[in-house]
Structure formats: structure tokens, C-alpha cells
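# Observations on the three-dimensional arrangement
Residue strings, one per chain:
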Amino acid sequence: MHVSTWSIPSGGANEPQRRVRGRCALPAGATRVPWLLVAPGYTASVAHTFYPALLQRCVAAGFGCVQLAFSGTGLGEDLETVAHPDLASRATYGWELDDLEAAWRHAASGALSNRLDLGRATLLGHSRGGGMAVVHAAEHQGRYTAVVTWNAIHAILRFSPLRLQVWRAKGNLDVMHWSLGRRIPLDVAVLEHAEAHRARYDIQAAAARLEAPLLVVQSEDDDAVTPAEGRELAAAGGAELRLVAGADHWFGMRGRTPAPTPEFGAAVDATLGWLGARLTR
């Protein structure tokens, strides 16, 4: 399997360091294949955790796979080094929607567009990326044949009243940057932006508007995004819900080069099996 990398600007003249980066793999020799656009969780790299294994499983099943790393993660060209950690301190939900649009345009133009069937596209997002995937798909009705979330957040600003109070008073909030492996200060401007655009970022309302079928895959032992949150998202969108027994937020594959786990396999099997009837012909 040949894996190529890509990099495109997303922030315009105001944020020249913002670049959406990613990886892509396609079944050998195939054209007009069904495909997945994959959005990771907050500050995660698609070079780590389960994303490389997901790329392999998609291609083996006859799907193309285009994975993006959000510009706010600050990753360099190698998708390993965090070249611009300051970006994560300012990254808003709006940045991620910009990045998803940029990634779609990249896939829908140039050489990739000759290999991918744009009429059989799935948007898959994990964690915060899953929530933003639902919002993005609802803003672009008819673009995606299906939407899949893995342990997706069901609402923005999932913070306690006390943490919100501290955030406002201090001017920033310490959060984990997963690719850096340490905590960073999240600027209060991110909170203010989210509150000012709360209606746009209403994930459950977006799920309710979504015309494409939605599959919600939720780990039963996830303490980052609870099963109750997964059920709430599925109910809001009239979605099919698949629970993965014994799985945590990362399906047991947290780290840089983890081996595939049975829980990850269950999530992939549920996803590709559900997509098979919708995207393959």
C-alpha cells in the first residue's frame, strides 16, 4: 500500500502558518472508488494511534482514505513534529470547519479527483473531530453519502461551570495537546468565539438536520466521551448506534505505534460493514 502525504494552506494571509496536512492511500489500480475523509480528535496526529491501521483497513476493503491533521495542531510536514504549538492555543471550532472544507476541496480537485468517486464519500470523525464532522456535513447537505462518528463529542464547551469561571478569570485554560504530550494554555478568545457562534456549533441540532445517514460508534468504557453522550448524539440525529464492548476512547490504541486491538477491529468492522451497503456497488 502506497501512502502519500499532502499539505495545503487553510488560514489565509492572516494565519500563514496554518496548514492542513494529511495522508492518503488508495486501492492499487482502482478508479472511482468509494472513500472516507477522516477527521481526528483534538490535537491528534493521523500518524499516531489507530489512524495508520484505519488507513490500511480501508484500503484492504476497497475504499480510498484521505486523513487530515487539523491546522490548529501545528504539525510540521512529517506529521510527527509540532512545529507551531502556539496555533493550538488559538484554534477555534471554526478553524476545524475551515480545515474540513480545505481537505474536501483538495480531494475533489487535481489528481485525487480522478481516483475518488465524489458521489460515494463518507465523512468519519473521532472525538472533537466527530462533532465537527457532523456540523460540517450538515452545512454541506448532499456532499457526503454517509457520516460516521467514533466517540464523538455531542456538544461544544464540555467544561464544568468552575472550569469556565477559571478560564475567564485567568485568560486561558490548561488543556492537553496530545501530539505534544503536554498541557498548553487555551486562550479565552477560543471560549468567547465558541459562545458567540454557539448556534453554528450546535452538534445535536446539526445531527437533526443531517440528510445523510449517520452511524454513531461509541466505546462502552470511554471516560472521555461517555456512552450517555453517544446515545444522546445518536438520538438527536436518528442515527444507528453501535456500542463497542470493553473499548476506551482510543479503542485501546493510544500511543505512537500501537498494535491493532480487538476493540479497534470491532469499530472498523461495524463501520465498513455499515458503509458497504451504502457505498459499494
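What comes next is a walk through the structure.

What counts as what
- Residues numbered from 1 in each chain as written.
- Predicted model: local features only at pLDDT ≥ 70, side-chain atom pairs only at ≥ 80, totals over all residues.
- Heavy atoms only, no water.
- Helix = DSSP H or I, 4+ residues; strand = E, 2+ residues; numbered from the N terminus.
- Expected span 1.5 Å × (residues − 1).
- Buried < 20%, exposed > 50% of the residue type's maximum accessible area, 1.4 Å probe, protein only.
- Polar contact = N/O pair within 3.5 Å; in protein donor to acceptor, adjacent residues only side chain to side chain.
- Axes fitted to C-alpha atoms, helices over the stretch in contact; angles between N-to-C directions.
- Parallel < 35°, antiparallel > 145°, perpendicular 65-115°, else oblique.
- Left-handed = near helix turned anticlockwise from the far one by under 90°.
- Contact = heavy atoms within 4.5 Å.
- Nonpolar A, V, L, I, M, F, W, Y, C, P; charged D, E, K, R; others polar.
- Pairing = 2+ DSSP bridges.
- Phe/Tyr/Trp six-rings, centres within 6.5 Å; stacked < 30°, edge-to-face > 60°.
- Lys NZ or Arg CZ within 6 Å of the ring centre and 35° of its normal.

Here we take up helix α3 (residues 93-107). Its 15 residues place the ends of α3 21 Å apart at the C-alpha level, agreeing with the 21 Å of an ideal helix rising 1.5 Å per residue. Counting buried positions along α3 gives 12 out of 15 residues, so the element sits mostly inside the fold. For α3, the full list of buried residues reads Tyr-93, Gly-94, Trp-95, Glu-96, Leu-97, Asp-99, Leu-100, Glu-101, Ala-102, Ala-103, Trp-104 and Ala-107. N-capping of α3 is provided by Thr-92, with a side-chain oxygen placed 3.2 Å from the backbone N of Gly-94.

Another point: the packing of helix α1 (residues 51-60) against helix α10 (residues 262-279). Relative to each other, α1 and α10 sit at 40 degrees, their axes nearing to 11 Å. The angle between α1 and α10 places the two elements in the oblique class. The handedness of the crossing between α1 and α10 is right-handed. On the side of α1, the interface is formed by Ala-53, Leu-54, Arg-57 and Cys-58, while α10 contributes Phe-264, Gly-265, Val-268, Asp-269 and Leu-272. Each residue belonging to the contact of α1 with α10 can be placed in one class, and the counts come to six nonpolar, one polar and two charged.

The next thing to look at is the environment of Ala-267. Note that Ala-267 resides in helix α10. Put simply, Ala-267 and Ser-219 are 48 residues apart on the chain and 8.6 Å apart in space, counted from C-alpha to C-alpha. Those residues in contact with Ala-267 that sit more than four places away from it in its chain are Trp-150, Val-217, Val-244 and Phe-251.

The next thing to look at is the sheet that holds strand β10 (residues 240-244). Taken in spatial order, the eight strands make up an open sheet running β1-β2-β4-β3-β5-β6-β9-β10, and their pairing is mixed. Looking along the sheet, the strands with just one partner apiece sit at the ends: β1 (3-9) and β10. Strand-to-strand twist in this sheet, taken as the mean axis angle between neighbours without regard to direction, amounts to 20 degrees. With seven bridges connecting them, β1 and strand β2 (residues 19-25) associate as antiparallel partners. Considered in β2, the bridge of Val-3 is made with Ala-25.

Moving on, we come to the packing of aromatic side chains. Given two aromatic rings, their pairing is described by the distance between the two centres and the angle made by the two planes. Taken as a whole, this structure holds 11 aromatic pairs when the rule is applied. With a centroid separation of 5.7 Å and 25 degrees between ring planes, the pair formed by Trp-35 and Trp-104 is classed as stacked. Of the two residues, Trp-35 is situated in strand β3 (residues 33-39) and Trp-104 in helix α3; the sequence distance between them amounts to 69 residues. The class for Trp-104 is buried, based on a relative accessible area of 11%. Look at Tyr-93 and Tyr-201: their rings are 5.6 Å apart centre to centre, the planes differ by 45 degrees, and that puts the pair in the tilted class. Taken together, the residues span a long stretch of sequence, with Tyr-93 in helix α3 and Tyr-201 in the loop between α7 (188-196) and α8 (203-209) at a distance of 108 residues. When sorted by exposure, Tyr-93 lands in the same class as Tyr-201, which is buried. Over the ring of Trp-95 we find Arg-18; its NZ or CZ atom is 4.2 Å from the centre of that ring.

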